[in-house]
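# Results of the structural survey
Here is what each chain is made of, one letter per residue.
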Amino acid sequence: MRIFTSLFVVALALVSFTTQAQSPAAPQAQLATPQVSPKAQLVSPPQVSQTPPMGWNSWNYFANKVDDKGIRAAADQLVATGMKDAGYVYVNIDDTWEGERDANGVLAPNAKFPDMKALADYVHSKGLKIGIYSSPGSKTCGGYAGSLGHEEQDAKMYAEWGFDYLKYDLCSFIPDVMEKQAPHNKAAQMRLMHTAYAKMDKALKATGRPIVYSFCQYGWDAVWEWGPSVGANLWRTTGDVTPEWDRIYAIVSQQAGLEEYAGPGHWNDPDMLEVGNGKLTLAENRTHFSLWAMLAAPLLAGNDLPNMKPEIKAILTNRDVIAIDQDPLGRQGARIYSDGEVEVWTRHLAGGALAIAVVNVGDNRYSTHPFHLNLRKLGLAETQTGKDLWTGKTLELTGNELLVMASHDVLLVRVDAPKAIPAVN
Ligand code: GLA
């Protein structure tokens, strides 16, 4: 059975599927929006992550079972599966690689990682980049050695090993420093946190190596407001993702309103992908991936690559959806309206194009239907010609068609030449 059969469009009135775009481009007066969001303009151009980082991270599937062999296998699989060609570049080691510090404070990897430089060389030899993980505290979340008091030394070592990406996870910095140095003073605690992230930024910059700097402090103190000013290329906006629809949807809900903070070089991070993990249905995997693309989120797969099912690979390598995520304009999408259990998100794309995601977030298969897309609420005239990015078909949207969507499924459409509501004189 095709994976797309859970979502289908029933023609009630003026609906048609064609194989060609039919309508000429029309004036876009009502759609006109700033090309770059105002807050994004405040940030100076960074060296890295002009589009959201793409790659794979060890944590979501392997957790503490990550080792040298697993990282090499992931790199091999990114190449073999075509994921590298689709844009997945970073192979990121998460927590549990750390060993002990010697008398000079130099941190060695533990026995799972016999030679970090050789591993980085291997990953680079595949045309990929490699990432590492630490904490501003004395311990990582997994209880391994963090960077507290060794920031410059560690940054230098990452650069010498050849790392291209650092995820910096708050963890024990909370009890180690924030609660100790500023008990009962939240504002002072937050200032300590800013300083810690700025310190590692300085240390990374001092290495002279372009290293993507990923903040992991769960969105505390509205990190989207200050993260870019202390070097963040991306910042987690929430606590951890899990491979469950309820968690994924809760995270999605927390992203609405953050769109003005993202832009080239600095991205909101709703956490890594769970596509292919746990018991997510195909519809849920598709919706998760579609929404991460609408959110201009980093696309860091976190599944078991050597045992990836074909239908999961098809989701992760859907070039049309990846193109939404990687759109060069770098504007994050926004939730425009919801109607019952159906949500409608749009994302403005380069060249005046528009992506529209219609999501049935409800648990009952067809609970809130019939559903008609209200194009006027999107500033669009009726009729629009677009491409359904999960079926590949050309789709004509009039607002009259009944969209019948399975629970947790998505209709993701790219409209290259959206027609705005005609201006009223
Ligand atoms: C935290 C982070 C996760 C992961 C683990 C590792 O929970 O949010 O993404 O890095 O730590 O211990």
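Since we're looking at a predicted model, the values are computed, not measured.

So, how was this worked out
Residues numbered from 1 in each chain as written. Predicted model: local features only at pLDDT ≥ 70, side-chain atom pairs only at ≥ 80, totals over all residues. Heavy atoms only, no water. Salt bridge = Lys/Arg side-chain N within 4 Å of Asp/Glu carboxyl O. Helix = DSSP H or I, 4+ residues; strand = E, 2+ residues; numbered from the N terminus. Buried < 20%, exposed > 50% of the residue type's maximum accessible area, 1.4 Å probe, protein only. Near = heavy atom within 4 Å. Polar contact = N/O pair within 3.5 Å; in protein donor to acceptor, adjacent residues only side chain to side chain. Areas by Shrake-Rupley, 256 points an atom, 1.4 Å probe, with all protein chains shown as cover. Nonpolar A, V, L, I, M, F, W, Y, C, P; charged D, E, K, R; others polar. Arc of directions from axis to C-beta. Contact = heavy atoms within 4.5 Å. Core = buried A, V, L, I, M, F, W, Y, C linked by side-chain atoms within 4.5 Å. Disulfide = S-S within 2.5 Å. Axes fitted to C-alpha atoms, helices over the stretch in contact; angles between N-to-C directions. Parallel < 35°, antiparallel > 145°, perpendicular 65-115°, else oblique.

### Observations concerning the pattern of salt bridges
One pass over the full model with this rule turns up 15 salt bridges. Across the salt bridge formed by Asp-94 and Lys-167, the nearest N and O atoms sit 2.7 Å from each other. Residue Asp-94 is located in the loop between β4 (90–92) and β5 (98–101), and its partner Lys-167 is located in strand β8 (residues 165–169); the two are separated by 73 residues in the primary sequence. We note that Asp-94, like Lys-167, is buried. Between Glu-343 and Arg-335 there is a salt bridge, with its nearest N and O atoms 3.1 Å apart. Shared partners join several salt bridges into a network, and the residues in it are Arg-236, Asp-240 and Asp-271.

### Brief notes about the site of the ligand
Around the ligand, the neighbouring residues are Trp-59, Asp-94, Asp-95, Tyr-133, Cys-141, Gly-142, Lys-167, Asp-169, Cys-216, Tyr-218, Arg-236 and Asp-240. One nitrogen or oxygen atom from the side chain of Asp-94 is found 2.6 Å from an oxygen atom belonging to the ligand. Take Asp-240: an N or O atom from its side chain is 2.5 Å from an oxygen atom of the ligand. Considered on its own, the ligand offers 310 Å² of accessible surface; in the complex 91% of this is hidden by protein. The residue inventory of the shell around the ligand, partitioned by class, reads five nonpolar, one polar and six charged.

### What to know about helix α9 (residues 245–255)
Two residues of an α-helix separated by three or four positions point the same way, owing to the 3.6 residues in each turn. Those residues of α9 lying buried are Trp-245, Ile-248, Ile-251, Val-252 and Gln-255. Buried residues of α9, seen end-on, are gathered within an arc of 130° and therefore sit on one face of the element. Looking at the buried positions of α9, the neighbouring elements they touch are α10 (282–294), β14 (342–348) and β15 (354–360). Directly after α9, the chain includes Gly-257, whose backbone phi takes a positive value near 100°.

### Observations regarding the environment of Leu-397
Position of Leu-397 among the secondary structure elements: in strand β17 (residues 394–397). Given the relative accessible area of 1%, Leu-397 is considered buried. Residues Leu-397 and Leu-375, spaced 22 residues apart in sequence, show a C-alpha to C-alpha distance of 8.4 Å.

### Structural notes on the nonpolar core
Generally speaking, soluble globular proteins have nonpolar side chains that are buried together. In terms of nonpolar packing, the biggest core is built from 93 residues, with Ile-71, Tyr-88, Trp-97, Phe-289 and Leu-316 touching the most fellow members. The leading source of residues in this core is helix α7 (residues 186–206), at seven residues. Here Ile-71 is in contact with Trp-56, Ser-58, Val-66, Val-91, Asn-92, Ile-93, Phe-113, Leu-119, Val-123 and Ile-130, once residues within four sequence places are set aside. Grouped together as the second largest cluster of nonpolar side chains are 18 residues, Phe-371, Leu-373, Leu-375 and Leu-403 included.

### Focus on the state of the cysteines
Applying the stated criterion across every chain yields a total of one disulfide. One disulfide in the model links Cys-141 with Cys-171; its S-S distance is 1.8 Å. The chirality of the disulfide connecting Cys-141 with Cys-171 is left-handed, given an S-S dihedral of about -90°. Taken as a pair, Cys-141 in the loop between β7 (129–134) and α5 (151–161) and Cys-171 in the loop between β8 and α6 (173–181) lie far apart in primary sequence, 30 residues in all.

### What to know about the side chain of Asp-271
Take Asp-271: it is sitting in the loop between β11 (267–269) and α10. Looking at Asp-271, the relative accessible area reads 3%, which means it is buried. Excluding its chain neighbours within four sequence positions, the residues that come into contact with Asp-271 are Arg-236, Gly-239, Asp-240, Val-241 and Trp-292.

### Looking at the packing of helix α2 (residues 68–80) against helix α4 (residues 116–125)
In the contact formed by α2 and α4, the axes pass within 10 Å of each other and the chain directions differ by 10°. Comparing the axis directions of α2 and α4 gives the class roughly parallel. When α2 is examined against α4, the residues Asp-68, Ile-71, Arg-72, Ala-75 and Asp-76 are found in contact with a partner set consisting of Ala-118, Leu-119, Tyr-122 and Val-123.

### Brief notes about the environment of Ala-296
In this fold, Ala-296 is placed in the loop between α10 and β12 (299–301). A sequence separation of 31 residues divides Ala-296 from Asp-327, and the C-alpha atoms of the two residues are 8.1 Å apart. In this structure Ala-296 touches Pro-52, Trp-267, Asn-268, Asp-325, Gln-332 and Arg-347, once residues within four positions along its chain are discounted.

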